[in-house]
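# Report on the structure
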Amino acid sequence: SAVCTPSRYSLMTGRYPWRSIMKKRVLNGYGKSLIEIGQQTLGSIFKDAGYHTAIIGKWHLGVKWQTKNPGQKVEFGTVDFTKQVLHTPKQLGFDYSYILPASLDSSPAVYIENNTAIGPVNSIVESIEFPAYSRSAETTSSFSHVEVLDHLKDKVVDYI
């Protein structure tokens, strides 16, 4: 596919990108998981073969956030980041998971380790207009967009 969400879906599941519930565009950071629990993934295939599995980096395939009030739509301002994230790579065959839920131009700008949002999520990054485009994002006071790649590299090296 020409964009990352369907391409990641295809790579992770071995299925055509159009087989997910998302037929076009990319998922935002509040989007629900495109991969059903129990669906085969690269993580589950390798785990079943006896490997220890981990994913560190941008996920962009959706997670299941819990909201501040039951039944609320999951969107900017409604997520309770202190509650466990219920549907992450941990439920899809990965022994360890440290991810960004979506692109850095999307909200929320938080890391999720296994099933926990690393917080506290207590800040807002304001949107930036074109050409340095990004949307407003819920984040932590310590999250730094410019340090994400170095942070993830360090996380991978430490993990290995």
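Data block above holds the structure.
Residues numbered from 1 in each chain as written. Predicted model: local features only at pLDDT ≥ 70, side-chain atom pairs only at ≥ 80, totals over all residues. Heavy atoms only, no water.

### So, the pairing of strand β6 (residues 137-140)
To keep things clear, this is the line we draw: The classification of residues rests on relative accessible area computed with a 1.4 Å probe and restricted to protein chains. Under 20% of the type maximum is buried, over 50% is exposed, and intermediate values are partly exposed. The numbering of helices and of strands both runs from the N terminus, where a helix is a DSSP run of H or I of at least 4 residues and a strand a run of E of at least 2. Pairing between two strands is assigned when DSSP locates at least 2 bridges connecting them.
Burial along β6 is two-sided: Ala137 and Thr139 and Glu138 and Thr140, pointing in opposite directions, are all buried. Bridging between strand β5 (residues 121-125) and β6 involves four bridges; their strand directions are antiparallel. Bridge pairing in β6 places Val121 opposite Thr140.

### Observations concerning a nonpolar patch on the surface
Threshold: Only residues whose relative accessible area exceeds 30% and that take part in no salt bridge are eligible for patches, with like-charged residues grouped when within 9 Å of each other and nonpolar side chains (Val, Leu, Ile, Met, Phe, Trp, Tyr) grouped when within 5 Å. With residues, only the protein chains shown are counted as cover, and all accessible areas are computed by Shrake-Rupley using a 1.4 Å probe. The salt bridge definition used is simple: a Lys or Arg side-chain nitrogen within 4 Å of an Asp or Glu carboxyl oxygen.
Nonpolar side chains collect at one region of the surface, where Leu11, Leu42, Ile45, Phe46 and Tyr51 lie side by side and expose about 500 Å² of accessible area between them. Residue contributions to the nonpolar patch peak at three residues, all from helix α2 (residues 42-48). Inspection of the secondary structure assignment puts Leu42 in helix α2. On the basis of relative accessible area, Leu42 is assigned to the partly exposed category, the value being 32%.

### Some points on the side chain of Asn115
We count it as follows: Under this definition, polar contacts are N or O atom pairs within 3.5 Å; protein pairs additionally need one hydrogen-donor-capable and one acceptor-capable atom, and for neighbouring residues in sequence, both atoms have to be side-chain atoms. What makes two residues a contact is simply this: any of their non-hydrogen atoms within 4.5 Å.
Here Asn115 shows up in the loop between β3 (112-113) and β4 (116-117). Look at Asn115 and you get buried, because its relative accessible area is 9%. At 3.2 Å, the side chain of Asn115 and the side chain of Thr88 are in polar contact. Those residues in contact with Asn115 that sit more than four places away from it in its chain are Gln84, Val85, Leu86, Thr88, Lys90 and Gln91.

### Considerations on the nonpolar core
Definition in use: Nine residue types can take part in a nonpolar core, namely buried Ala, Val, Leu, Ile, Met, Phe, Trp, Tyr and Cys, and a core is a set of them joined through side-chain atoms within 4.5 Å.
The biggest cluster of nonpolar side chains holds 21 residues, and the ones touching the most others in it are Met12, Ile35, Trp59, Leu61, Val63 and Trp65. Residue contacts for Val63: discarding those within four places in its chain leaves Gly31, Lys32, Ser33, Val85, His87, Thr88, Ile99 and Ile112. In this structure, Tyr96, Tyr98, Tyr111 and Phe143 belong to the second largest nonpolar core, which totals nine residues.

### Concerning the sheet that holds strand β1 (residues 54-58)
Going by this rule: Angular values range over 0 to 180 degrees, each being the angle between N-to-C directions of two axes fitted as lines to C-alpha atoms, with helices fitted over their stretch in contact.
As summarised here, the arrangement of the four strands in space is β1-β2-β3-β4, forming an open sheet in which the pairing is mixed. Only two strands of the sheet have a single partner each, and these edge strands are β1 and β4. With respect to the sheet, helix α3 (residues 148-159) is in contact with β1, β2 (96-100) and β3, its orientation differing from that of β2 by roughly 175°.

### Structural notes on the layout of surface pockets
Short version of the rule: Throughout, the protein atoms alone are placed on a 1 Å grid, and a set of points is a cavity if a 1.4 Å probe fits but cannot get out or a pocket if it is open with protein on both sides within 12 Å along at least five of seven lines; lining residues have an atom within 4 Å of a point. Grid points are joined across faces, edges and corners, and a volume is the space filled by probe spheres set on the points. Residue polarity follows a fixed list, in which Ala, Val, Leu, Ile, Met, Phe, Trp, Tyr, Cys and Pro are nonpolar, Asp, Glu, Lys and Arg are charged, and the others, Gly among them, are polar.
Taken as a whole, the largest pocket encloses approximately 170 Å³ of empty space. In terms of lining, the largest pocket is formed by 14 residues, of which the most central are Tyr111, Thr140, Ser142, Phe143 and Ser144. Grouping the constituent residues of the lining of the largest pocket by class yields six nonpolar, seven polar and one charged.

### A look at the pattern of salt bridges
Within the structure shown, the criterion is met by five salt bridges. With a shortest N-O distance of 3.0 Å, Asp95 and Lys47 are connected by a salt bridge. Of this pair, Asp95 sits in the loop between β1 and β2 while Lys47 sits in helix α2, and the two are 48 residues apart along the sequence. For Asp154, the salt bridge is made with Lys153, and the minimal N-O distance between the two is 2.8 Å.

Any functional reading would require information beyond the geometric quantities listed.
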